[in-house]
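# Structural overview
In case you want the letters, here they are:
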Amino acid sequence: MQESKFNQPVYGNYHGYYIKRSNISSSLDPRLNLFPDDIFKGKRVLDLGCNEGWLTVDIAQHFHPSKVIGVDIDGDLIRGAWKRRRTVWSMQRCSTSGSGNFSPSASPSDLEEGGSMSSRRGTKRKRIESHIPTSIHDAFSSLYPTSQTPSSGPGSDPVFPLSMEYMFGPLPIPPVSMIDPSLHSAFPHNISFYTADWTRAVQENVSKVVGTEPDTQDISGIVKEDKMGYDIVIAFSITKWIHLNGGDEGLLAFFRKIHNVLRPGPTGKGGVLLLEPQDWEGYTKARKLSKDLTENYKTLQLRPSDFSRVLTEMGFIEEDTYAKGGDGGFKRSILMFRKR
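We now turn to the structure provided with this report. (Residues numbered from 1 in each chain as written. Predicted model: local features only at pLDDT ≥ 70, side-chain atom pairs only at ≥ 80, totals over all residues. Heavy atoms only, no water.)

## Let's talk about the sheet that holds strand β2 (residues 67-72)
- One open sheet holds the seven strands; their spatial order is β5-β2-β1-β6-β7-β9-β8, and the pairing between them is mixed. Taken across any chain shown, the strands that pair with only one partner, and hence form the sheet edges, are β5 (191-195) and β8 (316-322). Taken pair by pair, the neighbouring strands of this sheet meet at an average axis angle of 20°, ignoring direction.
- Two elements, strand β1 (residues 44-48) and β2, share five bridges in a ladder whose sense is parallel. Residue pairing for β2: L48 is matched across the bridge by V71.
- Strands β2 and β5 of the sheet are contacted by helix α3 (residues 75-90), whose axis makes an angle of about 165° with β5. (Pairing = 2+ DSSP bridges. Helix = DSSP H or I, 4+ residues; strand = E, 2+ residues; numbered from the N terminus. Axes fitted to C-alpha atoms, helices over the stretch in contact; angles between N-to-C directions. Contact = heavy atoms within 4.5 Å.)

## A closer look at the packing of helix α2 (residues 54-62) against α3
- Two elements in contact, α2 and α3, have axes whose closest approach is 9 Å; the angle formed by their N-to-C orientations is 40°. Relative to α3, the element α2 lies oblique. α3 is crossed by α2, and the crossing has right-handed handedness. On α3, the residues touching W54, V57 and Q61 of α2 are R84, R85 and V88.
- Taken together, the residues that form the contact of α2 with α3 break down as three nonpolar, one polar and two charged. (Parallel < 35°, antiparallel > 145°, perpendicular 65-115°, else oblique. Left-handed = near helix turned anticlockwise from the far one by under 90°. Nonpolar A, V, L, I, M, F, W, Y, C, P; charged D, E, K, R; others polar.)

## Brief notes about the environment of H184
- Structurally, H184 can be placed in the loop between α6 (162-168) and β5.
- Along the sequence, H184 and K67 sit 117 residues apart, while their C-alpha atoms lie 9.6 Å from each other.
- Aside from chain neighbours lying at most four places away, what touches H184 is V176, I179, H189 and N190.
- At 3.3 Å, the side chain of H184 forms a polar contact with the backbone oxygen of V176. (Polar contact = N/O pair within 3.5 Å; in protein donor to acceptor, adjacent residues only side chain to side chain.)

Next up, the structure:
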């Protein structure tokens, strides 16, 4: 396994982050429960600092965006995000209805992404039948069986037992060419991940993409995505790290870039920023991770309490504040801003 280039998580690139947030296997990320059900429907969404992609995958699978893009500076985390996509897709239940079924007679070479055979420990695996779940409830029930979501009854068990994923790895995802065009914007084909330092200038933001999934081989892929614009940008629990690494000016440049990539609209109807800033008290511990962070901390004049004012001056309208959606130290308010 390739050793990570990061000795310390100085960018907030913690491994096992979502396990620490206490939402593993029990429910959707609790922050998503705060928003209207249709907030992401048909939208292009950018998840900045996506880590291992759990939130990104939840949005792609359950909230029907046209596309959701996850970006993180840590390539190891992005590899984990691609694996998360495949694992979640593997655990979905089969459906015998709809146009998205894949023929049981298809060969493994046809079904494996990129046309190659999938083999681990000499065992070849074949996808017999699959279909994108027909409803959020079905997907939720099969992926997150809980006492509130009964899993008994015909057809309620996952198509691919979790033990198989541990033993042999996740199932291969059929390429876009094998599915009905109407499903091209459905999970798992409505999601991409990129390794990049998104805070840098556009011309520098062309870090090599990790993974072998289609449509992400161009090293300038995230730049192309940015040029297409987004309806929603998510910045959850990353402002502290951008602030400590880039100083006040780095944080302001980050906010300006978000404003630039959000799509315009009629007055007061432009793209949306969902911002979950960390409290100032959290900076004290984080600055000890490196000498650079310690020195940068001494120069900071802006405080999280200033962010609403700063964003308003840049051309955002503050529309809403959502209740704190995490647990313990992760319980933070989420602010909603709209591009004017």
